Amino acid sequence: MSNQRQPGSMRRRCTTLALSLLAGGTLASAHAGAAGADGQQIVRAGSQAAMTGSGDHFTGQVRVEPLFAASPGLPAAGAYVTFQPGVRSAWHSHPAGQRLVVIAGTGLTQEWGKAVQTIGPGDAVWCPPGVKHWHGAAPGGAMTHLAVTGVADGKSVQWMERVSDAP
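Residues numbered from 1 in each chain as written. Predicted model: local features only at pLDDT ≥ 70, side-chain atom pairs only at ≥ 80, totals over all residues. Heavy atoms only, no water.

A. Spotlight on the sheet that holds strand E2 (residues 62-68). Ordered by their spatial adjacency, six strands build an open sheet running E1-E2-E3-E10-E5-E8, and the pairing between neighbours is antiparallel. Pairing within the sheet leaves two strands with one partner each, and these edge strands are strand E1 (51-52) and strand E8 (124-127). Strand direction decides the pairing type here: E1 and E2, joined by two bridges, are antiparallel. When the sheet's bridge partners are listed, Thr-52 is paired in E2 with Arg-63. (Pairing = 2+ DSSP bridges. Helix = DSSP H or I, 4+ residues; strand = E, 2+ residues; numbered from the N terminus.)

B. Molecular detail of the environment of Pro-139. Looking at where Pro-139 falls in the secondary structure, it is placed in the loop between strand E9 (133-137) and strand E10 (143-150). Note on Pro-139: relative accessible area 66%, which makes it exposed. With 52 residues separating them along the chain, Pro-139 and Val-87 place their C-alpha atoms 7.7 Å apart. Excluding residues that lie within four positions of it along the chain, Pro-139 makes contacts with Pro-85, Gly-86 and Leu-108. (Buried < 20%, exposed > 50% of the residue type's maximum accessible area, 1.4 Å probe, protein only. Contact = heavy atoms within 4.5 Å.)

C. Representation of the nonpolar core in the model. Val-62, Val-64, Val-81 and Phe-83 are the most contacted members of the largest nonpolar core, which has 19 residues in total. Counting only elements with at least two residues in this core, the list comes to E2, strand E3 (76-83), strand E5 (98-105), E8 and E10. Looking at which element gives the most residues to this core, the answer is E3, with three residues. Excluding its chain neighbours within four sequence positions, the residues that come into contact with Phe-83 are Phe-58, Gln-61, Val-62, Arg-88, Ser-89, His-135, Gly-136, Ala-137, Ala-142, Met-143 and His-145. Grouped together as the second largest cluster of nonpolar side chains are five residues, Trp-91, Trp-134, Ala-138 and Val-163 included. (Core = buried A, V, L, I, M, F, W, Y, C linked by side-chain atoms within 4.5 Å.)

D. Geometry of the packing of aromatic side chains. Scanning the entire structure with this criterion turns up three aromatic pairs. Relative to Phe-83, the ring of Phe-58 lies with its centre 5.8 Å away and its plane at 65°, an arrangement referred to as edge-to-face. On the criterion of sequence distance, the pair formed by Phe-58 in the loop between E1 and E2 and Phe-83 in strand E3 is long-range, its members being 25 residues apart. Using a relative accessible area of 6% as the deciding quantity, one classes Phe-58 as buried. Taking relative accessible area as the criterion, Phe-83 reaches 0% and is therefore assigned buried. Grouping aromatic residues by their ring pairs yields a cluster made of Phe-58, Phe-83 and Trp-159. It is Lys-132 that lies over the ring of Trp-91; its NZ or CZ is 5.7 Å from the centre. (Phe/Tyr/Trp six-rings, centres within 6.5 Å; stacked < 30°, edge-to-face > 60°. Lys NZ or Arg CZ within 6 Å of the ring centre and 35° of its normal.)

E. Up close: the environment of Gly-78. Its place among the elements puts Gly-78 in strand E3. With a relative accessible area of 0%, Gly-78 lands in the buried category. Considered as a pair, Gly-78 and Phe-68 are ten residues apart in the sequence and their alpha carbons are 5.2 Å apart.

F. Molecular detail of the pattern of salt bridges. As enumerated under the stated definition, the model contains three salt bridges in all. Across the pair Glu-111 and Lys-114 runs a salt bridge whose closest N-O atoms are separated by 3.4 Å. Using a relative accessible area of 31% as the deciding quantity, one classes Glu-111 as partly exposed. When the shortest N-O distance is used, the salt bridge between Glu-161 and Lys-132 registers 2.7 Å. Taken together, the positions of Glu-161 in the segment after strand E11 (158-159) and Lys-132 in the loop between E8 and E9 put the pair 29 residues apart, joining distant regions of the chain. For Glu-161, a relative accessible area of 39% puts it in the partly exposed group. Judged by its relative accessible area of 19%, Lys-132 falls in the buried class. (Salt bridge = Lys/Arg side-chain N within 4 Å of Asp/Glu carboxyl O.)

Here it is as structure tokens:
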């Protein structure tokens, strides 16, 4: 067993993961770790390229910094996601759920048919499987959250329509 890092290989897997999360694609090719690996693996901070969220799924600038990809032992992927002031996602759901932990700033989230909720640093949000919701930054400043998103049948997100400003 080798303990050498393979940053190019891991970067490709995490880039595939992040693009998949943003595009609603599958995660079948985004498994962390080499086949047959049986020891700890370290993904060094900053070793993976950050990317901009798709304009099809966000109302403005969003930066996604992949942290780890789903694997057979842990079918969930993680990323830091930073929304610029007032930017939010489109309505979406997650087939295996999602946990958000606000790292910095003030955010907003809403479950379909319910009131908008304000979230701040240290708040953890559980988005159950299949529940339609959106999240983003409050108008006054940027917001960063850690997103840990479950994967079921190779899918992590189902994107839907944009959030309406109409009452």
